[in-house]
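# Per-entry structural report
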Amino acid sequence: MSTLKLNKSPATTDQARQKTVRRLSPELRDRTKPPAKKEVYAEVQQDAGPKEQAPRKDKVFKDKEPRKSAGKPAHAGGRPPVNRSSAGRSEKPRDKDRPYAAKTADRSPVRRPATTEADADLQPRLSKVMADRGLCSRREADDWIVNGWVKVNGEIIETLGTRIDPDAEIIISTYAKEHQAETVTILLHKPVGYVSGQAEDGYEPAVVLFNPDNQWSEDSSGIDFKRGHLRGLAPAGRLDIDSTGLLVLTQDGRVARKLIGDDSNVEKEYLVRVEGQLSNNGLALLNHGLSLDGVQLRPAKVSWQNEDQLRFVLREGRKRQIRRMCELVGLHVVGLKRIRIGSINLGKLPPGQWRYLGAHERF
C-alpha cells in the first residue's frame, strides 16, 4: 500500500506565522516616557498611607437654603470626636454609687440557697448543733434564738427549727453568756419520801427543800441565795421516792445535758442494801448481761461492800434500774443511797440540806 505525502503550501504557512499588528497611538510609541499606567501606579505606591476624606459638603439647591440633618444639631467643623472618658458619660446614678440603704429600700435582697431543699432537710437543727458543741442545752438554745442572741455565719437567726451546716460558724451574744453565767446548780441530799420531779400521789417534790433555812452551813461556794434561783430549776436525773442521796437540780442546760443527755457517760455511784439469795452467776450478770424492757443494759461495775451491801457504778439511769436488776438475780433492795455523780461526792452534806455547786467544780 502506497503512502501519500502531503506538502503544506508555503503561502499558507507564512500567513499563519504572521500576527496582526496593532497601531499604537503616538504617546504610547514614545519610549522616552514611562507608560501612563505605570506612572499612575508609581504615584499610588509613593503616596501610600492613610487617606483623608474630603470634608463633606452639603448639597445646595437652587432657591433653597442648605438642607439640615434631622438628627442632632450640627457642630462646627464637622462631627465632634467621640470622648470615651468617664467625664463624657451619663451622670445617671448607679446602684453601686448609692448608699446601702437606698439599694435595699425598694426591694428585698434575693437570697439563693446554697443547697437544695432535699439537702437542707438532712441538715441538723441549729439548737441541736449548739447543744452538741456544749454551748448550752436545746431548751436554752431555743430561748437564745428567739431573743436574737445567735449568729450563724454572720447572720442573726431568730426562727426556731432553722437547719444549718454542721460546720457553720456560730457566735453567741454576750447577753446570752451573761444570762448563762447567772444560772446556778444545786446539790441536794434528798431524803426518803420526796420525789425528784413533779409532785405525785401527795408526795412533795425535792425542790421544796431549796430554801435559805436548809442551806448547808459549810457551803463554800460564796453564792448568796436569791429567789430568782428557783426559776427554771429542774432535776438532772432521778432518785426514787424510797431512795436517798445526791440529787442535782440546775438552771444550766449544759449541766443537764452532760448528766442526762442521750450521749451522757458520767458515772453514778450507789450503795445498795439487799436481802435474799444471789444466784450462782448473779454477780457476773449484774456487771453485764441483763436486759430491761428488751434492751440490753450497759456494762456496770458491781461488787460487794459487806455482807448485805453492794456497790453499783452505772453510766445510765433507767427508771428503778437497780431495783429491777437485783430482782432478776434473786435479790430485794431494802435501801439505796447515791453517793457520787461524776467527780462530785455527796460527802458530809446532811439529809434534807443543800449547797451550791462551786465555780471550780465540774462533773
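Residues numbered from 1 in each chain as written. Predicted model: local features only at pLDDT ≥ 70, side-chain atom pairs only at ≥ 80, totals over all residues. Heavy atoms only, no water.

### Considerations on the overall build of the protein chain
Counting its secondary structure elements, the protein chain contains eleven helices and 14 strands. A total of 363 residues make up the protein chain; the buried ones form 29% of that total. Carbon and sulfur atoms make up 49% of the accessible area of the protein chain, which totals about 27200 Å². (Helix = DSSP H or I, 4+ residues; strand = E, 2+ residues; numbered from the N terminus. Buried < 20%, exposed > 50% of the residue type's maximum accessible area, 1.4 Å probe, protein only. Areas by Shrake-Rupley, 256 points an atom, 1.4 Å probe, with all protein chains shown as cover.)

### A short note on the pattern of salt bridges
Pairing between side chains becomes possible if they bear opposite charge and their charged atoms approach one another. Scanning all chains against the criterion turns up 14 salt bridges. Measuring nitrogen to oxygen at the nearest pair gives 3.4 Å for the salt bridge that ties R323 to D240. Residue R323 is located in helix α11 (residues 321-328), and its partner D240 is located in the loop between β5 (234-235) and β6 (244-250); the two are separated by 83 residues in the primary sequence. Residue classification places R323 among the buried positions, given a relative accessible area of 9%. (Salt bridge = Lys/Arg side-chain N within 4 Å of Asp/Glu carboxyl O.)

### Focus: the environment of R273
Tracing the sequence through the fold places R273 in strand β7 (residues 268-276). Residues R273 and D308, 35 residues apart in the sequence, show an inter-C-alpha distance of 5.7 Å. Once you skip the residues sitting within four places of it in the chain, R273 turns out to touch D308, Q309, H332, V333, V334 and G335. Among the polar contacts made by the side chain of R273, one reaches the side chain of D308 at a distance of 3.1 Å. (Contact = heavy atoms within 4.5 Å. Polar contact = N/O pair within 3.5 Å; in protein donor to acceptor, adjacent residues only side chain to side chain.)

### Structural notes on helix α9 (residues 253-260)
Listing the buried residues of α9 in full gives G253, V255 and L259. End-on view of α9: buried residues confined to an arc of 160°, all on one side of the axis. The elements touched by buried residues of α9 are α7 (138-146), β4 (185-190), β6, β7 and β12 (331-341). The N-capping residue of α9, defined by a side-chain oxygen 3.0 Å from the backbone nitrogen of R254, is D252. (Arc of directions from axis to C-beta.)

### Some remarks on the confidence of the model for the protein chain
Averaged over every residue, the pLDDT of the protein chain is 78; residues scoring 70 or more account for 67%. Every residue in residues 38-48 is under pLDDT 50, and counting partners more than four places away or in other chains gives zero contacts. Ignoring residues within four places in sequence, the model shows residues 85-110, a span with pLDDT below 50, making five contacts including any to other chains. (pLDDT = per-residue confidence, 0-100.)

### As for the side chain of R338
Position of R338 among the secondary structure elements: in strand β12. Although buried, R338 forms no salt bridge, and the nearest oppositely charged side chain, D240, lies 8.9 Å from it. In terms of polar contacts, R338 uses its side chain to reach the backbone carbonyl oxygen of R238, at 3.4 Å. In this structure the side chain of R338 is engaged in a polar contact, spanning 3.1 Å, whose partner is the side chain of Y270. Apart from residues no more than four positions distant in its own chain, R338 is found in contact with R238, L239, T244, G245, L246, L247, K268, E269, Y270 and L346. (Lys, Arg positive; Asp, Glu negative; His and termini not counted.)

### Regarding the sheet that holds strand β3 (residues 170-172)
In spatial order, the strands read β2-β1-β3; together these three strands make up an open sheet with antiparallel pairing. Strands with a single pairing partner mark the edges of an open sheet, and in this sheet they are β2 (155-156) and β3. As judged from the three bridges shared by strand β1 (residues 150-152) and β3, these two strands associate in the antiparallel manner. Directly across from V152, in β3, lies its bridge partner I170. (Pairing = 2+ DSSP bridges.)

### Examining the packing of aromatic side chains
The geometry of an aromatic ring pair is captured by the separation of the ring centres together with the interplanar angle, meaning the angle of the planes. By the definition in use, this model includes five aromatic pairs. Ring geometry for F210 against Y356: centres 6.3 Å apart, planes inclined by 90°, an arrangement best described as edge-to-face. With a gap of 146 residues between them, F210 in the loop between β4 and β5 and Y356 in strand β14 (residues 354-356) connect regions that are remote in the sequence. Classification of F210 by relative accessible area gives buried; the value is 5%. Aromatic ring contacts, followed pair by pair, group F210, F225, W354 and Y356 into a single cluster. (Phe/Tyr/Trp six-rings, centres within 6.5 Å; stacked < 30°, edge-to-face > 60°.)

### Re α11
Within α11 the residues assigned to the buried category are Q321, I322, R323, M325 and C326. Considering only its buried residues, α11 is in contact with β7, α10 (282-287), β8 (291-292), β11 (309-314) and β12. Positive phi appears at G330, one or two residues downstream of α11, with a value of about 90°.

### Section: the nonpolar core
In this structure, I186, Y270, V272, L286, F312 and I322 are the most contacted members of the largest nonpolar core, which totals 33 residues. Looking at this core, the elements with two or more residues in it are β4, β6, β7, β11, α11, β12 and β14. Ranked by size, the runner-up nonpolar core spans 16 residues in total, among them V129, V152, I170 and A176. (Core = buried A, V, L, I, M, F, W, Y, C linked by side-chain atoms within 4.5 Å.)

### So, unusual backbone geometry
The backbone phi angle of D293 is positive, close to 55°, even though this residue is not glycine. For D293, the position within the fold is in the loop between β8 and β9 (295-296).

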